Amino acid sequence: MKVGFIGTGSMGSLLLEALIDSGSLAPNQVYASNRTPEKVIRLQQRHPGLHICTSNAETAHNSDLIFLCVKPLQFKAILDEIGSTLRPDQMVVSITSPVQIHHLESALCCKVAKIIPSVAHRVQSGVCLCMYGSRIKEEDRQLIEHLLSPISKPILIDESFVRITSDLSSCGPAFLSFFLDQWINAAVETTGMDRGELTWIAGEMLLGTGKLLTQGGFTPHELQKRVTVPGGITAEALALLDSSLTGVFHRLIATTHGKYKEDLEKCDAQFGGPGAD
């Protein structure tokens, strides 16, 4: 199978390299293009055999499955560029949440799917959210999920829940890293302990907590209860967090959903959907 990547920025290159490093793809199976050619050249230098394409249409023509790894408002121009080169048996997979499957199916003759990857795929971990268009057959779904399985846990979701699930799976590493960064900064300033050592301790703690939630049979609430002794240090600190963070997570969701709605309306306008004039 030949796999194309249109866009090799932050997430596109991460997904491409994770698939190669895991053995899910060989470099000579990969065709890639980017509006900044130097980015693809650097990928080829790291992965000899990777094919550099001089245009997005060339990438699309040479690939059985094409990952579109560009920003939402770049999609319409890309689809206009590659649409005439695509065949009904090919698959186009978007990795961008505001671009809807019906947007893609209205513009393309081929099979369409959408995934939301995570930075955790770089270490062959994390959940990959999967959504499929009306032309996708069971064997197509199995092919996509077989490709993604070495680097993630692919799960099927309804597209209407893409934002809230992305908050956890895709944005979550940044949110948790922000929390840890603030915590570590305060610890260094308060105690003078080495930042690198504290960061390693925090990382191991986060890894173990994830295993307790996914393999250990704990829910987040049960894990808090297991660690907390009534009247103890953890209980005192949790009470502080509870009072200090009241409403924060509702506002967090309101913020991500607000930005998503804004981007969705712009995409609708481009594709002539509900938000169009």
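Rules behind the numbers
- Position numbers for residues count from 1 along each chain, tracking the sequence in the order it is written.
- Since the coordinates come from a predicted model, pLDDT governs what is reported: local features require at least 70, and pairs of side-chain atoms require 80 or more to be given and counted, while whole-chain, interface and lining totals use all residues.
- The side-chain numbers reported here are obtained from all heavy atoms of the structure, hydrogens and water having been left aside.
- Counting from the N terminus, the helices are DSSP H or I runs at least four residues long and the strands are E runs at least two residues long.
- Burial here depends on accessible area, computed with a 1.4 Å probe over protein chains only, as a share of the maximum for the residue type. Under 20% is buried, over 50% is exposed, and the range in between is partly exposed.
- Here a polar contact means two N or O atoms within 3.5 Å. Within protein one must be a hydrogen donor candidate and the other an acceptor candidate, and residues neighboring in sequence count only if both atoms are side-chain atoms.
- Only heavy atoms matter for contacts: two residues are in contact if any of them lie within 4.5 Å across the pair.
- The pairing criterion is simple: DSSP has to find at least two bridges between the two strands.
- Axes here refer to lines fitted to C-alpha atoms; in helices the fit is confined to the stretch in contact. Angles between the N-to-C directions go from 0 to 180 degrees.
- Here, a salt bridge means any Lys or Arg side-chain nitrogen found within 4 Å of an Asp or Glu carboxyl oxygen.
- Here, patches come from residues exposed beyond 30% relative accessible area and free of salt bridges, joined within 9 Å for like charges and within 5 Å for nonpolar side chains (Val, Leu, Ile, Met, Phe, Trp, Tyr).
- Note that accessible areas follow from Shrake-Rupley with a 1.4 Å probe, and for residues the cover is restricted to the protein chains shown.
- The positive count covers Lys and Arg only, the negative count covers Asp and Glu only, and His and the chain ends enter neither.
- The location of each charge is read from NZ of Lys, CZ of Arg, CG of Asp or CD of Glu.
- Each Phe, Tyr or Trp ring, with Trp reduced to its six-membered ring, pairs with another whose centre is within 6.5 Å; inter-plane angles below 30 degrees give stacked pairs, above 60 give edge-to-face pairs, and intermediate values give tilted ones.
- Note that the term roughly parallel is reserved for angles under 35 degrees, roughly antiparallel for angles over 145, roughly perpendicular for angles of 65 to 115, and oblique for everything else.
- With the far helix as reference, a near helix turned anticlockwise by less than a right angle produces a left-handed crossing, and one turned clockwise produces a right-handed crossing.
- Three categories are distinguished: nonpolar for Ala, Val, Leu, Ile, Met, Phe, Trp, Tyr, Cys and Pro, charged for Asp, Glu, Lys and Arg, and polar for the others, with Gly belonging to the last.
- By convention, orient the strands away from the viewer: a clockwise path from the first strand over the helix to the second makes the crossover right-handed.

Some words on the side chain of Glu-17
With respect to the element layout, Glu-17 can be found in helix 1 (residues 10-21). By relative accessible area, Glu-17 is classed as buried at 9%. Engagement of the side chain of Glu-17 in a polar contact is seen with the side chain of His-47, the distance being 2.8 Å. Filtering out sequence-adjacent residues up to four positions away, Glu-17 remains in contact with Leu-43, Arg-46, His-47 and Arg-122.

A closer look at the sheet that holds strand 6 (residues 111-116)
As summarised here, the arrangement of the eight strands in space is 3-2-1-4-5-6-7-8, forming an open sheet in which the pairing is mixed. In this open sheet, the two strands that pair with only one neighbour each are strand 3 (51-52) and strand 8 (153-156). Alignment of strand 7 (residues 127-132) against strand 8, held across four bridges, turns out to be parallel. Bridge assignment links Val-127 to a residue of strand 8, and that residue is Lys-153. Packing against the sheet, helix 7 (residues 162-169) makes contact with strand 6 and strand 7, and its axis sits at approximately 160° to strand 7.

Quick look at the pattern of salt bridges
Using the criterion set out here, one finds eleven salt bridges in the structure. The closest approach of N and O atoms between Arg-141 and Glu-145, which form a salt bridge, is 3.0 Å. Of this pair, Arg-141 and Glu-145 both sit in helix 6 (residues 138-148), four residues apart, which is roughly one turn of that helix. Residue Glu-145 is classed as buried on the basis of its relative accessible area of 17%.

Notes on helix 7
Among the residues making up helix 7, those that are buried are Val-162, Arg-163, Ser-166, Asp-167 and Ser-169. Contacts made by the buried residues of helix 7 are with strand 6, strand 7, helix 8 (172-191) and helix 12 (248-271).

Considering a positive patch on the surface
Side chains of Arg-35, Lys-39, Arg-42 and Lys-71 sit close together on the surface and give a patch of like positive charge. Along the chain, Arg-35 falls in the loop between strand 2 (30-33) and helix 2 (37-46).

Brief notes about the packing of aromatic side chains
In total, this model carries two aromatic pairs according to the counting rule given. Here the aromatic rings of Phe-5 and Phe-67 are separated by 5.1 Å at their centres, their planes lie at 25°, and the arrangement is stacked. Taken together, the residues Phe-5 in strand 1 (residues 3-6) and Phe-67 in strand 4 (residues 65-68) connect sequence positions 62 residues apart. Side by side, Phe-5 and Phe-67 carry an identical accessibility label, which is buried.

As for the packing of helix 8 against helix 9 (residues 195-214)
For the pair helix 8 and helix 9, the least separation of the axes is 10 Å and the interaxial angle reads 140°. Between helix 8 and helix 9, the interaxial angle falls into the category oblique. Judged by the sense of rotation from one axis to the other, the crossing of helix 8 with helix 9 is right-handed. Residues Leu-176, Leu-180, Trp-183, Ile-184, Asn-185, Ala-187 and Val-188 of helix 8 form the contact with helix 9, whose participating residues are Arg-195, Leu-198, Thr-199, Ala-202, Met-205 and Leu-206. When the residues that make up the contact of helix 8 with helix 9 are grouped by side-chain class, the tally is ten nonpolar, two polar and one charged.

Focus on the pairing of strand 4
Neither face of strand 4 is open: one carries Leu-65 and Phe-67, the other Ile-66 and Leu-68, and all of them are buried. Sheet analysis places strand 1 next to strand 4, joined by four bridges and oriented parallel. Its bridge partner being in strand 4, Val-3 is matched across the sheet by Leu-65. The pairing of strand 4 with strand 5 (residues 91-94) spans four bridges and is classified as parallel. Counterpart to Phe-67 in the pairing with strand 5 is Val-93. Taken together, strand 4, helix 4 (residues 75-82) and strand 5 form a β-α-β motif whose crossover is right-handed.

These results come straight from atomic positions and should not be treated as a statement about function.
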